[in-house]
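# Examination of the molecular architecture
These are the residues of each chain, in order.
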Amino acid sequence: MSWLDRVRKALPFAEKRDTPDNLWIKCPSCKEMLFTKEYEENQSVCPRCEHHGRIGADARFPQLMDAGFCVLPAPKVKEDPLKFRDQKKYPDRLKAARAANPHPDALTNALGTIGGHKAVLGVQDFAFMGGSMGMAVGSAFVSGVDRAIKEKCAYVICTAAGGARMQEGILSLMQMPKTTVAIRRLQNAGLPYIVVLTDPTTGGVTASYAMLGDVHIAEPGCLIGFAGQRVIQDTIREKLPEGFQRAEYLLEHGMIDMVVHRHALKERLATLLDYLGAAKAA
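What you are looking at is a predicted structure, and each value in this text was computed from that prediction instead of being measured.

The next point concerns the pairing of strand S5 (residues 117-124). By the criterion of burial, S5 is predominantly enclosed, with six of the eight residues buried. Relative to S5, strand S4 (residues 107-114) runs antiparallel, the two sharing eight bridges. Bridging across to S5, Gly-112 finds its partner in Ala-119. Here S4 folds back onto S5, and the loop between the two strands holds two residues, one of which, Gly-115, carries a positive phi near 60°. Bridge count for S5 against strand S6 (residues 154-161) is five bridges, and the pairing is parallel. Within the sheet, the bridge partner assigned to Leu-121 lies in S6 and is Val-156. Tracing the backbone out of S5, into helix H5 (residues 135-151) and back to the parallel element S6 gives a crossover that is right-handed.

The next point concerns the pattern of salt bridges. Within this structure, the stated rule accounts for 12 salt bridges. Linking Glu-219 and Arg-60 is a salt bridge whose minimum nitrogen-to-oxygen distance equals 2.7 Å. Of this pair, Glu-219 sits in the loop between strand S8 (215-218) and helix H9 (229-236) while Arg-60 sits in helix H3 (residues 57-64); the two residues are 159 residues apart in sequence, bridging distant segments of the chain. Pair check on accessibility: Glu-219 and Arg-60 agree, each one buried. Salt-bridge contacts for Glu-219 lead to Arg-262; the nearest nitrogen and oxygen are separated by 2.8 Å. Of the two residues, Glu-219 is situated in the loop between S8 and H9 and Arg-262 in helix H11 (residues 262-281); the sequence distance between them amounts to 43 residues.

Of the positions making up H3, those classed as buried are Ala-57, Arg-60, Phe-61, Gln-63 and Leu-64. Projected onto a plane normal to the axis of H3, the buried residues spread over an arc of 170° and lie on a single side.

Attention now moves to empty space enclosed by the protein. One pass over the structure, following the stated rule, counts two cavities of 30 Å³ or more. Around the largest cavity, the lining comprises 14 residues; the ones closest to its centre are Arg-54, Ile-55, Ala-160, Thr-198 and Asp-199. Among the residues forming the lining of the largest cavity, the class breakdown is four nonpolar, four polar and six charged. Forming the boundary of the second largest cavity are Ala-57, Asn-101, Pro-102, His-103, Asp-105, Ala-106, Thr-108, Val-123, Asp-125 and Phe-128. Looking at side-chain class alone, the lining of the second largest cavity contains five nonpolar, three polar and two charged residues.

Next up on the list: H5. Here H5 spans 24 Å end to end across 17 residues, near enough to the 24 Å set by a 1.5 Å rise per residue. When we look at burial in H5, the residues that qualify are Met-135, Ala-136, Val-137, Gly-138, Ser-139, Ala-140, Phe-141, Val-142, Gly-144, Val-145 and Ala-148. Summarising the contacts, the buried residues of H5 are in contact with S4, S5, S6, helix H6 (169-173), helix H7 (175-188) and strand S7 (193-201). Directly after H5, the chain includes Lys-152, whose backbone phi takes a positive value near 55°.

On to the pairing of S7. Counting buried residues along S7, nine of its nine residues qualify, which places the element largely inside the surrounding structure. Inspection of the sheet shows S6 paired to S7 by six bridges, in the parallel sense. Within S7, the position partnered with Thr-159 by the bridge is Leu-197. Note: S7 against S8, four bridges, orientation parallel. Note that in S8 the partner of Val-196 across the bridge is Ile-217.

Okay, the sheet that holds S4 next. Reading across the sheet, the seven strands line up as S3-S4-S5-S6-S7-S8-S9 and stay open at both edges, with mixed pairing between neighbours. What marks the edges here is a single partner per strand, and that holds for strand S3 (70-71) and strand S9 (258-259).

What counts as what
- Residues numbered from 1 in each chain as written.
- Predicted model: local features only at pLDDT ≥ 70, side-chain atom pairs only at ≥ 80, totals over all residues.
- Heavy atoms only, no water.
- Buried < 20%, exposed > 50% of the residue type's maximum accessible area, 1.4 Å probe, protein only.
- Helix = DSSP H or I, 4+ residues; strand = E, 2+ residues; numbered from the N terminus.
- Pairing = 2+ DSSP bridges.
- Right-handed = clockwise from strand over helix to strand, strands pointing away.
- Salt bridge = Lys/Arg side-chain N within 4 Å of Asp/Glu carboxyl O.
- Arc of directions from axis to C-beta.
- 1 Å grid on protein atoms, 1.4 Å probe; cavity = no way out; pocket = protein on both sides within 12 Å on 5 of 7 lines; lining within 4 Å.
- Points joined across faces, edges and corners; volume = space filled by probe spheres on them.
- Nonpolar A, V, L, I, M, F, W, Y, C, P; charged D, E, K, R; others polar.
- Expected span 1.5 Å × (residues − 1).
- Contact = heavy atoms within 4.5 Å.

In C-alpha cells, the structure reads:
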C-alpha cells in the first residue's frame, strides 16, 4: 500500500452532502456563473451585465402586481382540432409542456392592482412551447380583455412568443384578427391597453396584439421582430445593421415608446396607468 493510500484511509472523511443541481446558473450573455438565488432575487437580471433573463407568469405577477392579486382561470378550447402529428402527436406535446410548466398554456391572466391602479395583467411564457399563439392563447387574450372591460380597468400584457403555433395551422393565424377585434372593443370602452415587449416577441404575435398598444414598453436588449434576421438578409440581400430587431434599435427608429429596466418596470406602469386613467376621467 502506498503512503498516499495509507493517509487517505486514515483520514476521517465525513459523508458527502447532496448539492442541489440548480445552485448555479450561467448568464446567456456574459457567460458568468451566478448563484441562482442571487439571480432570482435580482428579478432574473444578471448583476454583472444587466442581461434580462426570460421569466414566466409566476415570477412576473409578483414583480409587477401588488400583493393580493388573483390568477384568472384559463378558458377551455378544443385541443388538437387538426389531429396534427409531426415527430410526436400534438396532444403529447401539450402534455409534456404542461408537465414542465405551472399553467395550462402559454398565456395567463391575473387581476389585481399595479401601484394601486386596478388592472388585468397577461403574461406569455416562452417556456410553454415557445410562447406560441394558438387558440388557447387567443382565447386567454380575449378573456383578459373581457375581464378588463367588466372591471373598467386597463389590460396590460407582457409578450414573449416565437409566433403562431404550427400544430393548429390556419386556426392559429385566425387569432390575429380575433385579438385585434378584442383590442378595438377595449379602446371603444375607453380603457388603456399597454404592451410590455419581452425577449423574444416575434412572428404573428408581433404582427397583431404586440404592436397595437396605446403604449409600447420593451425590456432592454429583447428581440422584437416579425421574420428572422437571416430570412430578411437573404431576401433583401443586404447586411443588416448591428442590433437590428433589438429593443434599443426599435426605440431609436420610433417603433416603440420606451425601453425600461425590469427593476423600474412596475413604477413606470403605475405612472402610465395613473396618467391614462386621468386622461380617461377628463
